[in-house]
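Structural overview for review
Read off the chains here:
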Amino acid sequence: MTSRAEEFVLRVPRFRPLSDWFVVRGRGGLTEIFAWANAERIASVFHALTEHLDPAVDVSMHSLRANTEWSGALLPLPDVREALGRLQLPLGMYGGVEVAVYTPDDQLTITPTMALVIYARSDRWVYLLEGMGFTERARAPEPAWDASAAPLGDAPELERALSQIVERLGLQQE
């Protein structure tokens, strides 16, 4: 006789496809994608997807903890990717920062609640996410709780990483 947990495992051979998902909507000639996975995975996927952007990108960041915004325009993609690579770990650990990297045709955004939002003039991002193991859903599931309602704790490691990125990329405070 099998337990309920064993029956579930038998019916669902892998857990990742159930937790790494995305929803696609078309809006006014744009493709809008909302993707979700655990925080560390979203930080990693965000960084990996930036490789597919144009050679020069614009960047904006908003720290909810410090209520501070920075931005920069026409930055070299390799520099931005290097800086974002250093941000992956603290961002995945603490969240609370919105980071957008964009070009005239594409925008990749990681939200303060560690979701990935993509706006694009093509649907190529759908295929890239599927290649990374994400599964498309017709609609987002109802949230069990509201992460934005939880107070943000101190994150000195994240704040240091943000300061280093601002300096490294020459971002301007808004």
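Let me sum up the structure you'll find in this document. (Residues numbered from 1 in each chain as written. Predicted model: local features only at pLDDT ≥ 70, side-chain atom pairs only at ≥ 80, totals over all residues. Heavy atoms only, no water.)

A short note on the nonpolar core
Formed by 42 residues in total, the largest nonpolar core has its most connected members in Met61, Leu87, Leu116, Ile118, Leu129 and Leu171. With residues up to four places along the chain from it excluded, the contact list for Met61 reads Thr68, Glu69, Trp70, Glu98, Val99, Leu162, Ile165, Val166 and Leu171. (Core = buried A, V, L, I, M, F, W, Y, C linked by side-chain atoms within 4.5 Å. Buried < 20%, exposed > 50% of the residue type's maximum accessible area, 1.4 Å probe, protein only. Contact = heavy atoms within 4.5 Å.)

A few points about helix α6 (residues 156-169)
Relative to the 20 Å expected for 14 residues at 1.5 Å per residue, α6 spans 20 Å between its end C-alpha atoms, a close match to the ideal helical length. Within the sequence span of α6, burial applies to Leu158, Ala161, Leu162, Ile165, Val166 and Leu169. Mapping the buried residues of α6 onto a view down its axis gives an arc of 135 degrees, with all of them on the same face. Among the exposed residues of α6, those oriented more than 90 degrees off its buried face are Arg160, Gln164 and Glu167. On its buried face, α6 sits against β3 (56-63), β4 (68-76), α4 (77-94) and β5 (97-102). Where α6 ends, the next residue or the one after it, Gly170, has phi of about 70 degrees, a positive value. (Helix = DSSP H or I, 4+ residues; strand = E, 2+ residues; numbered from the N terminus. Expected span 1.5 Å × (residues − 1). Arc of directions from axis to C-beta.)

Re the pattern of salt bridges
Going through the model one piece at a time under the given rule, you end up with eight salt bridges. Measuring nitrogen to oxygen at the nearest pair gives 2.3 Å for the salt bridge that ties Glu32 to Arg25. For the salt bridge of Glu82 with Arg168, the shortest nitrogen-to-oxygen distance reads 3.1 Å. Of this pair, Glu82 sits in helix α4 while Arg168 is found in helix α6, placing the two residues 86 residues apart along the sequence. Residue class for Arg168 comes out partly exposed when judged on its relative accessible area of 46%. (Salt bridge = Lys/Arg side-chain N within 4 Å of Asp/Glu carboxyl O.)

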